[in-house]
Amino acid sequence: MKIKKAVFPVAGLGTRFLPATKAMPKEMLPVVDKPLIQYAVEEALASGIEHLIFVTGSGKSALEDHFDRSFQLEETLRQRHKTELLKEIESLVPESGTIIYTRQSEPLGLGHAIWCARDIVGDEPFAVLLADDLIQSETPVLHQMINQFDRLRASTVAVIEVPKEETPKYGILDAEPSSNGIIRVRGMVEKPSADEAPSNLAVIGRYILTPRIFDILGNQQKGAGGEIQLTDAMSQLLKEQPIFGYRFEGTRFDCGDKAGFQMANLAFALEHPEIKDSLLAYIKKMFC
């Protein structure tokens, strides 16, 4: 079955970026000239996704407006003959019926946010993209993963290696040795201490999941931090179905972290044709 739907959990409060996120959704923080969520949406659409499901919360109206028409802005650009910019603004808006919004009424964790999309996704495999994880790659990472899913027909998660001391920040895999970038998962642990982590293979924000995960998440079992953890549900899923990790091709930036966010801005700015040369000249002046 083709992966046609992608879930974007965007209900978080973004407390690590306060005060910037006091009145603006963290997913709308810009990397160069596009908000984080736009990069995630573009990755999904470039990977063949047909339906975008946003799980939102209070204070996310700016995100919804970003992917809607702005007739006053468009008319102003048209009158000023800013044709290229007008085309770019118009291209932000997917076809009617492509985007679906649902609400997470309580901040009960990533697993709960995904469960909130169950009736929209239905009985088919689907993707999950976390906008905080921005990935620079020639081929969209989700597209890479869909290709693997088509072959494996099993839930698949994107993984990276992290320093041992950082394992308390991630869901960590207990896994078999890698073969051509594919890792058979034996178990998963949410945010283990460095001493208890079964490996340094961390799950990051790209998933392809089978619909069975909704039944498990529906048990509303709370885990680390008193939240309904996706990692815990996937550990239960492992008892019934295989799960694979995938070492993707690309560079991941943790944009939920202030340093990672600035690194992403620098990396993407150095690829931007309008500002690349000016930025390189400034860097040379500052550090050479």
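The sections below set out a description of the structure shown in this document. What you see is a predicted model; the values in this text were computed from it and never measured. (Residues numbered from 1 in each chain as written. Predicted model: local features only at pLDDT ≥ 70, side-chain atom pairs only at ≥ 80, totals over all residues. Heavy atoms only, no water.)

1. Details of the packing of aromatic side chains
Move 1: Under the defined criterion, the tally for this structure stands at seven aromatic pairs.
Move 2: Judged by centre distance (5.5 Å) and plane angle (75 degrees), the ring pair of Phe17 and Phe261 falls under edge-to-face. With Phe17 in the loop between strand 1 (5-9) and strand 2 (30-31) and Phe261 in helix 10 (residues 258-269), this pair connects stretches of sequence that are 244 residues apart.
Move 3: Overall, the relative accessible area of 11% leaves Phe17 in the buried class.
Move 4: With centroids separated by 5.8 Å and ring planes inclined at 35 degrees, the aromatic side chains of Phe54 and Phe67 adopt a geometry described as tilted. Taken together, the residues span a long stretch of sequence, with Phe54 in strand 4 (residues 51-56) and Phe67 in the loop between helix 2 (61-66) and helix 3 (71-79) at a distance of 13 residues. The same class applies to Phe54 and to Phe67, which are both buried.
Move 5: Ring pairing ties together the aromatic residues Phe8, Phe54, Phe67 and Tyr101, which thus form one cluster.
Move 6: Above the plane of the ring of Tyr39 lies Lys34, whose end atom (NZ or CZ) is 4.6 Å from the centre.
Move 7: In this structure, Arg118 is placed above the aromatic ring of Trp115, and the distance from its NZ or CZ to the ring centre is 3.6 Å. (Phe/Tyr/Trp six-rings, centres within 6.5 Å; stacked < 30°, edge-to-face > 60°. Helix = DSSP H or I, 4+ residues; strand = E, 2+ residues; numbered from the N terminus. Buried < 20%, exposed > 50% of the residue type's maximum accessible area, 1.4 Å probe, protein only. Lys NZ or Arg CZ within 6 Å of the ring centre and 35° of its normal.)

2. Here's the deal with the layout of surface pockets
Move 1: Taken as a whole, the largest pocket spans an internal volume of roughly 1400 Å³.
Move 2: Listing elements by their share of the lining of the largest pocket, those giving two or more residues are helix 5 (110-115), strand 11 (201-209), helix 9 (230-237) and strand 13 (251-254).
Move 3: Of the residues forming the lining of the largest pocket, the biggest block, four residues, is contributed by strand 11.
Move 4: For the lining of the largest pocket, the residue count by class is 20 nonpolar, 14 polar and 14 charged.
Move 5: Approximately 300 Å³ is the volume found for the second largest pocket. (1 Å grid on protein atoms, 1.4 Å probe; cavity = no way out; pocket = protein on both sides within 12 Å on 5 of 7 lines; lining within 4 Å. Points joined across faces, edges and corners; volume = space filled by probe spheres on them. Nonpolar A, V, L, I, M, F, W, Y, C, P; charged D, E, K, R; others polar.)

3. Here's the deal with the pairing of strand 7 (residues 133-136)
Move 1: Taking every second residue as pointing to the same face, both faces of strand 7 are buried, with Asp133 and Ile135 on one and Leu134 and Gln136 on the other.
Move 2: In terms of strand pairing, strand 7 meets strand 13 through four bridges, oriented antiparallel. Note that in strand 13 the partner of Gln136 across the bridge is Thr251. (Pairing = 2+ DSSP bridges.)

4. So, a nonpolar patch on the surface
Move 1: A cluster of nonpolar residues, Tyr282, Met286 and Phe287, forms a patch on the protein surface that exposes about 390 Å² of accessible area.
Move 2: Inspection of the secondary structure puts Phe287 in helix 11 (residues 276-287).
Move 3: When its relative accessible area of 67% is taken as the criterion, Phe287 is described as exposed. (Patch = residues over 30% accessible without salt bridge, like charges linked within 9 Å, V, L, I, M, F, W, Y side chains within 5 Å. Areas by Shrake-Rupley, 256 points an atom, 1.4 Å probe, with all protein chains shown as cover. Salt bridge = Lys/Arg side-chain N within 4 Å of Asp/Glu carboxyl O.)

5. Here's the deal with the pattern of salt bridges
Move 1: Counted according to the given criterion, the structure contains 16 salt bridges.
Move 2: Put simply, Lys2 and Glu50 hold a salt bridge, and the shortest N to O gap is 3.1 Å. One end of the pair, Lys2, is in the segment before strand 1; the other, Glu50, is in the loop between helix 1 (36-46) and strand 4, with 48 residues separating them in the sequence.
Move 3: The shortest N-O distance in the salt bridge between Arg206 and Glu43 comes to 2.9 Å. With Arg206 in strand 11 and Glu43 in helix 1, this residue pair connects regions lying 163 residues apart in the sequence. Here Arg206 and Glu43 have matching classes, each one buried.
Move 4: In this structure, a network of salt bridges that share partners links the residues Glu75, Arg78 and Glu90.

6. What about a negative patch on the surface?
Move 1: A surface patch of negative charge is lined by Asp33, Glu84, Glu88 and Glu274.
Move 2: With respect to the helices, strands and loops of the structure, Glu274 is situated in the loop between helix 10 and helix 11.
Move 3: Of the residues examined, Glu274 reaches a relative accessible area of 69% and is grouped as exposed. (Lys, Arg positive; Asp, Glu negative; His and termini not counted. Charge placed at Lys NZ, Arg CZ, Asp CG, Glu CD.)

7. Observations regarding unusual backbone geometry
The bulk of non-glycine residues show a negative phi, and the bulk of peptide bonds are trans.
Move 1: Across the junction of Leu18 and Pro19, the peptide omega takes the value 5 degrees, indicating a cis bond.
Move 2: The topology assignment puts Pro19 in the loop between strand 1 and strand 2.
Move 3: Of note in this structure, Asn180 is not a glycine but carries a positive phi near 55 degrees.
Move 4: Along the chain, Asn180 falls in the loop between strand 9 (171-175) and strand 10 (182-190).
Move 5: You can call Asn180 exposed: its relative accessible area is 78%.

8. Some thoughts on the nonpolar core
Move 1: Membership of the largest hydrophobic core comes to 50 residues, with the highest contact counts inside it found for Phe8, Ile37 and Phe54.
Move 2: No other element matches the six residues that helix 1 contributes to this core.
Move 3: Counting 35 residues, the second largest nonpolar core, distinct from the first, contains Val7, Val121, Val128 and Leu201. (Core = buried A, V, L, I, M, F, W, Y, C linked by side-chain atoms within 4.5 Å.)

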